[in-house]
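Structural characterization, general
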Amino acid sequence: MRHGDGQMTGEGEAGGAYGPVRRKEDARFIRGQGNFTDDIRLPGMLHGAILRSPLAHARIASIDVTAAEAHPRVRAVITGQTLADRGLAWMPTLSQDVQAVLATDKVRFQGQEVAFVVAEDRYSARDALELISVDYEPLPPVIDARTALDPGAPVIRDDLAGKQDNHIFDWEAGDQVATDAVFAGADVVVAQDMLYPRSHPAPLETCGAVADFNKISGQLTIWTTSQAPHAHRTLYALVVGLPEHKIRIISPDVGGGFGNKVPIYPGYLCAVVGSMLTGSPVKWMEDRSENLMSTSFARDYHMHGEIAATRDGTILAVRATVLADHGAFNGSAQPSKFPAGFFHIFTGSYDLRAAHCQVTGVYTNKAPGGVAYSCSFRITEAVYLVERMVDILAGELGMDPAELRMKNLLRPEQFPYTCPTGWQYDSGNYPRALQVAMDIADYPELRREQASKRERGEHMGIGISFFTEGVGAGPRKHMDILGLGMADGADLRMHPTGKAVLSVSCQTQGQGHETTFAQIVAQELGLSPDDVDVVHGDTDRTPFGLGTYGSRSTPVSGAAAAVVARKVRERARIVASAMLEVAPDDLEWSGRRWQVRGDPEKARTITEIAMAAHGALELPEGVEGHLDAATVYNPPNLTHPFGAYICVTDVDPVTGQVQIRRFIAVDDCGVRINPMIVEGQVHGGLADGVGMALMQVIAFDADGNCLGGSFMDYLLPTSMECPSWELGATVTPSPHHPIGAKGVGESATVGSPPAIVNSVLDALRPFGVRHADMPLTPAAVWSAVQGHPYRSDLAIT
Amino acid sequence: MQITVNVNGADYAREVEARLLLIHFLRDDLGLTGSHWGCDTSNCGACVVWLDDVPVKSCTMLAAMADGHRVRTVEDLAVGGELDPVQQGFSECHGLQCGFCTPGMMMTARWLLDHNPDPAPEEIREALSGQVCRCTGYENIVRSVLWAAKHEAGQREAGA
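Since this is a predicted model, take the numbers as computed values, not measurements.

1. Digging into the overall build of chain A
Of the regular secondary structure elements, chain A holds 18 helices and 35 strands. With respect to the three principal axes, the spread of C-alpha positions in chain A is 85 × 75 × 50 Å. Classification of the 797 residues of chain A by burial places 60% in the buried group. Expressed as a percentage of contacts within chain A between residues at least 6 apart in sequence, the contacts between residues at least 24 apart total 79%.

Here it is as structure tokens:
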């Protein structure tokens, strides 16, 4: 029996076009007819390949491409010098830094892009890489972030004028004085160092692009794996110098993104330059090692957390200091005013008096990135920190971790709630969500089982996490990327026969936008979702907007879809009033049609109105025909989904093996447009959590060699590591979102790792293990049991 | 070198490089882009096709090794435009999100049901354990295969 499956607790379920309808997208994918970037084939298309640095830190003395150029199937070889001659050797990152497209002076991480070959087929392009000779002068690398600021540490970014160290930024939030005062007067203070190790989103489709530059028209078309086609278009315009109206970005089917496909990568620009030089379209698709070693990684936060409480278990304050490893270029993708992302939501779901955090970003000789992998702009790190601290506090106080959480969770009447670091949580009923999860799990029975097993020497763990996210960036006045405000457009065209086409700026990577957004429009206009097509992923066919990441599609573009549909509905009201010969104010919307107040027999559906709006009906003075509308949605606030997760593990302290026996996830993401899709999103995020908590790390050796460069080393969870998930739901609508929805795409990725880690450490309690860092591989668990925890991120002994 | 491979019931004779991978032969030479390349190391299974009725990872086979053999890809699952129950199951149970792993998953699932028409969830998980899905957490993939098994059992009953 599946516990709690489909269980819904809350303020009513939405009807009409909402519900678990099958996805429109599936028809092509189940037939093998998806259209991914590597499926694009253009006449005369050439293939690109990148030569990458084998060293983490080295000066480039010389590059000789003569032999590669002589290869009979090679059409062009591009080096940093080729790009420098065109002013393209460096490109801006999404964090006001610059990144080398192809290295000119030094290489700064293993796998960095050094040269680009364009050839007539993929295999020849790879062959020619072997013919390029690069003379490197090795430099000492900075691998451990904790030594990056040491006096005398090698300076990685000597390309930056006057740069004498590896410091990127210092950033803080909250009130340090007030927080320190609360800590000074607290009964109990516990502290813990913890690492959220470097991981990688690893979408199954790697990154790539097909660039096609037309020398005659000056038009550049790029088919690419992009989560943000419009932002990419603007970025290409700024980098390449082409007028923006001559650039078209087409993001076809995207085989998973998870934040990996937000930035622009050097390979894309090389494909563009390759097309400009050869006059032919150029495809570049990275291989798996290139994906893992060079594109946007995630996390790498070295955190020190402290939590203060009274002896009876009232949590008073939290504080944290963080060392953030951003790699060789600051390429993390988050709103520009927030260099540590939204980490300062680390106050979590609790009623605190004070909080303060301080984050320092540093360069190391590793790949750039940091904000990716469904992290909601660093909320993963924040939730992990506070949920580990609460569990450690519970251990210190001798309290049950569920009881401690229940005692301190924000209460429903406190919403909207402003946390000590300034976020305003829009809505929530936290105790209810935790109670539902505990009911599904039968928490008291689990504790009884654990006690009896401990007597028999068996080690079962029960771990809880409770998370609050803030997703759906902007508002635009507070949030921008590269100066582009985080608002998103939607256009809705109504055809004469009442069929509709919605164009949106966000880009699905599997989230099912073609279905969900059709349901939103259908719901607002009394149509069937089958009557609504959703266009996305093509900058020539969609309005501007910042795209899909940070769980922002439903909070922003979903809102835009509802708002633009309501605009159409109001335009239809005028036309209906002319059709029915009544004043517009005399009409009311029934949910399916405009009808005359007090005389519902007199009514017109949107379909009837659409035909009239395109016909010869005489409209009131000043009223345009047709029903089309457009909008730009600027969110007034983030939406704040939350949830309660419980993980049950069985741990073998002899082998270190962890088996996840049960995982209960109760998510509240407000109104659920398509509950089937929502549950699918949660399932996927939970599997991510299993990977992060138990399996995945991008580690490095002392020379900066990446030790996670293939799926042989970077372990992804399979069907064997994942349990059958047990889901529950509560519904607390967002008060400011037009349909009460909140984002959910990253909730489970954010919420599940601490539940799993808390569970394993709960199992290890008899061994006196207070903390061990992810991933809790058998070796890590075994070492912790032996009293020798080790750093999983470094192979330095 | 010259090879002849029967793909989805049709013979294809092609001159190929000896080193050409089967996945690239299918995708680039024959234009059958339903099978995907995902990892290079036989871990992800996005490239799974059948070689003489057995699922194989086509990123780790040379096209030359398929010379004289039969290959079946996702494009051949639907017969005469009618979806295979496995395809229906994946759509009914939301067994896919981005769709990149789906063809390989379905080819293995089809093979499983041909050999074990009534698999337990654990048997489905084991059969698919050499393949990776980054979106679904496997839950709905398991349900999709169970749906197909049940659907086919119903069909057999109706036919009996």
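2. Details of the overall build of chain B
Counting secondary structure elements, chain B contains five helices and five strands. Its helices and strands in sequence order give chain B the pattern β-β-α-β-β-β-α-α-α-α, from N to C terminus. Counting only C-alpha atoms and orienting by the principal axes, one finds that chain B spans roughly 50 × 35 × 25 Å. Out of the 160 residues in chain B, the part that is buried amounts to 56%. Sequence separation of at least 24 residues holds for 61% of the intrachain contacts in chain B that already meet a minimum separation of 6.

3. Observations concerning the confidence of the model for chain B
In this model, chain B carries a mean pLDDT of 97, and residues with pLDDT of at least 70 account for 100%. This complex was scored by the predictor with a pTM of 0.97 and an ipTM of 0.98.

4. Re the interface of chain B and chain A
With 40 residues of chain B in contact, the opposing surface of chain A contributes 42 residues. Those elements that provide at least two residues to the side of chain B that touches chain A are helix H2 (85–92), helix H3 (102–115), helix H4 (121–127) and helix H5 (139–159) of chain B. The biggest single contributor to the side of chain B that touches chain A is H2(B), with four residues. Taken together, the residues that form the side of chain B that touches chain A break down as 17 nonpolar, 16 polar and seven charged.

5. What about the nonpolar core?
For soluble globular proteins, nonpolar side chains are generally found buried alongside one another. All names here are of chain A. Counting 303 residues, the largest nonpolar core has Leu102, Val117, Ala437, Val521 and Ala561 as its most contacted members. Of all the elements, helix H14 (residues 553–580) adds the most residues to this core, at 13 residues. Excluding its chain neighbours within four sequence positions, the residues that come into contact with Leu102 are Ile78, Thr79, Gly80, Leu83, Ala89, Glu113, Val114, Ala115, Phe116, Pro266 and Cys270.

6. A few points about the environment of A:Ala441
All names here are of chain A. In this structure, Ala441 sits in helix H11 (residues 430–441). According to the C-beta neighbour criterion, Ala441 is buried, with 26 such atoms within 10 Å. Beyond its immediate stretch of four places on either side in the chain, Ala441 contacts Leu446, Ile646 and Ile664.

7. Observations concerning the packing of H2(B) against H3(B)
Residue and element names in this part refer to chain B. Running from N to C, H2 and H3 cross one another at 125°; their axes reach a closest spacing of 9 Å. Overall, the two elements H2 and H3 adopt an arrangement that is oblique. For the pair H2 and H3, the sense of crossing is right-handed. Along the contact surface, H2 presents Val86, Gln87 and Phe90, while H3 presents Thr102, Met106, Ala109, Arg110 and Leu113. Within the contact of H2 with H3, the residues separate by chemical class into five nonpolar, two polar and one charged.

8. Here we look at the packing of helix H16 (residues 675–694) of chain A against helix H17 (residues 747–763) of chain A
All names here are of chain A. At a minimum axis distance of 7 Å, the contact between H16 and H17 shows a crossing angle of 40°. Relative to H17, H16 is oriented oblique. For the pair H16 and H17, the sense of crossing is right-handed. Every residue of H17 that contacts H16 at Val682, Gly685, Leu686, Asp688, Gly689, Val690, Met692, Ala693 and Leu694 is listed here: Ser747, Ala748, Thr749, Ser752, Pro753, Ile756 and Val757. Class assignment of the residues belonging to the contact of H16 with H17 gives a composition of ten nonpolar, five polar and one charged.

9. Brief notes about helix H10 (residues 401–408) of chain A
All names here are of chain A. Among the residues of H10, those classed as buried are Pro401, Ala402, Leu404, Arg405 and Asn408. Along the axis of H10, the buried residues cluster in a sector spanning 165°; they form a single face. Buried residues along H10 sit in contact with strand S18 (315–325), helix H9 (379–397), H11, helix H12 (443–455) and strand S23 (459–468).

10. Here's the deal with the environment of A:Leu129
Residues and elements named next belong to chain A. Tracing the backbone through its elements, the reader meets Leu129 in helix H4 (residues 122–129). Exposure remark for Leu129: the 18 C-beta atoms within 10 Å place this residue in the partly exposed category. With 62 residues separating them in the primary sequence, Leu129 and Ala67 have C-alpha atoms 9.7 Å apart. With residues near it in sequence (within four places) discarded, Leu129 still touches Ala49, Leu51 and Val117.

11. Here's the deal with unusual backbone geometry
The omega torsion across A:Phe415 and A:Pro416 is -5°, close enough to zero to call that bond cis. Locating A:Pro416 in the fold gives a position in the loop between H10 and strand S21 (417–418). Unlike most non-glycine residues, A:Gln96 shows phi in positive territory, near 60°. For A:Gln96, a count of 12 C-beta atoms within 10 Å gives the class exposed. Phi at B:Ser42 takes a positive value of approximately 65°, unusual for a residue other than glycine. Tracing the backbone through its elements, the reader meets B:Ser42 in the loop between helix H1 (22–29) and strand S3 (48–51). Using a count of 15 C-beta atoms within 10 Å as the deciding quantity, one classes B:Ser42 as partly exposed.

12. Quick word on helix H15 (residues 606–613) of chain A
Residue and element names in this part refer to chain A. Taking burial as the measure, the eight residues of H15 include six buried ones, the bulk of the element. Regarding H15, the residues found buried are Ile606, Thr607, Ile609, Ala610, Ala612 and Ala613. On its buried face, H15 sits against strand S26 (488–494), helix H13 (513–525), H14 and strand S31 (599–605).

13. Here's the deal with the sheet that holds strand S1 (residues 2–7) of chain B
Residues and elements named next belong to chain B. Read across the open sheet, the five strands follow the order S2-S1-S5-S3-S4; overall the sheet is mixed. If you trace the sheet from one side to the other, it starts and ends with strand S2 (10–15) and strand S4 (54–57), each paired once. Neighbour-to-neighbour, the strand axes of this sheet turn through a mean angle of 40°, independent of strand direction. Both S3 and strand S5 (residues 70–72) contribute to a ladder of two bridges, which runs antiparallel. Residue Trp50 lies in a different strand from S5, and its bridge partner there is Arg72.

14. Description of the pairing of strand S4 (residues 74–79) of chain A
All names here are of chain A. By the criterion of burial, S4 is predominantly enclosed, with six of the six residues buried. When S4 meets strand S8 (residues 113–119), the two strands line up antiparallel, connected through five bridges. What sits directly across from Val74, in S8, is Ala119.

15. Some points on the pairing of S3(B)
Residue and element names in this part refer to chain B. Taken together, the four bridges between S3 and S4 define a ladder with antiparallel strand orientation. Looking at S4, one finds that Leu51 is bridged to Val54. Here S3 folds back onto S4, and the loop between the two strands holds two residues, one of which, Asp52, carries a positive phi near 50°.

16. Focus on the confidence of the model for chain A
The predicted model of chain A has a mean per-residue pLDDT of 96, with 98% of residues at 70 or higher. Note that residues 1–14 of chain A has pLDDT below 50 and, in this model, 22 contacts with residues that lie over four places away or in other chains.

17. Side note on the environment of B:Thr41
On the secondary structure map, B:Thr41 appears in the loop between H1 and S3. B:Thr41 sits 16 residues away from B:Lys57 along the chain, and the two C-alpha atoms are 9.5 Å apart. If near-sequence neighbours (up to four positions away) are discounted, B:Thr41 is found in contact with A:Ser710, A:Phe711 and A:Met712.

18. Re the sheet that holds strand S3 (residues 58–64) of chain A
Residues and elements named next belong to chain A. Overall, antiparallel pairing links the three strands, which are arranged S7-S3-S9 in an open sheet. Unpaired on one side and paired on the other, strand S7 (106–107) and strand S9 (133–138) mark the two borders of the sheet. As paired elements, S3 and S7 share two bridges and run antiparallel to each other. Residue pairing across strands places Ala58 opposite Val107, the latter belonging to S7.

The rules we used
- Residues numbered from 1 in each chain as written.
- Chains lettered and ligands numbered in written order.
- Predicted model: local features only at pLDDT ≥ 70, side-chain atom pairs only at ≥ 80, totals over all residues.
- Helix = DSSP H or I, 4+ residues; strand = E, 2+ residues; numbered from the N terminus.
- Buried ≥ 20, exposed ≤ 12 C-beta atoms within 10 Å, placed from the backbone.
- Contact = placed C-beta atoms within 7 Å.
- pLDDT = per-residue confidence, 0-100.
- Nonpolar A, V, L, I, M, F, W, Y, C, P; charged D, E, K, R; others polar.
- Core = buried A, V, L, I, M, F, W, Y, C linked by C-beta atoms within 7 Å.
- Axes fitted to C-alpha atoms, helices over the stretch in contact; angles between N-to-C directions.
- Parallel < 35°, antiparallel > 145°, perpendicular 65-115°, else oblique.
- Left-handed = near helix turned anticlockwise from the far one by under 90°.
- Arc of directions from axis to C-beta.
- Pairing = 2+ DSSP bridges.

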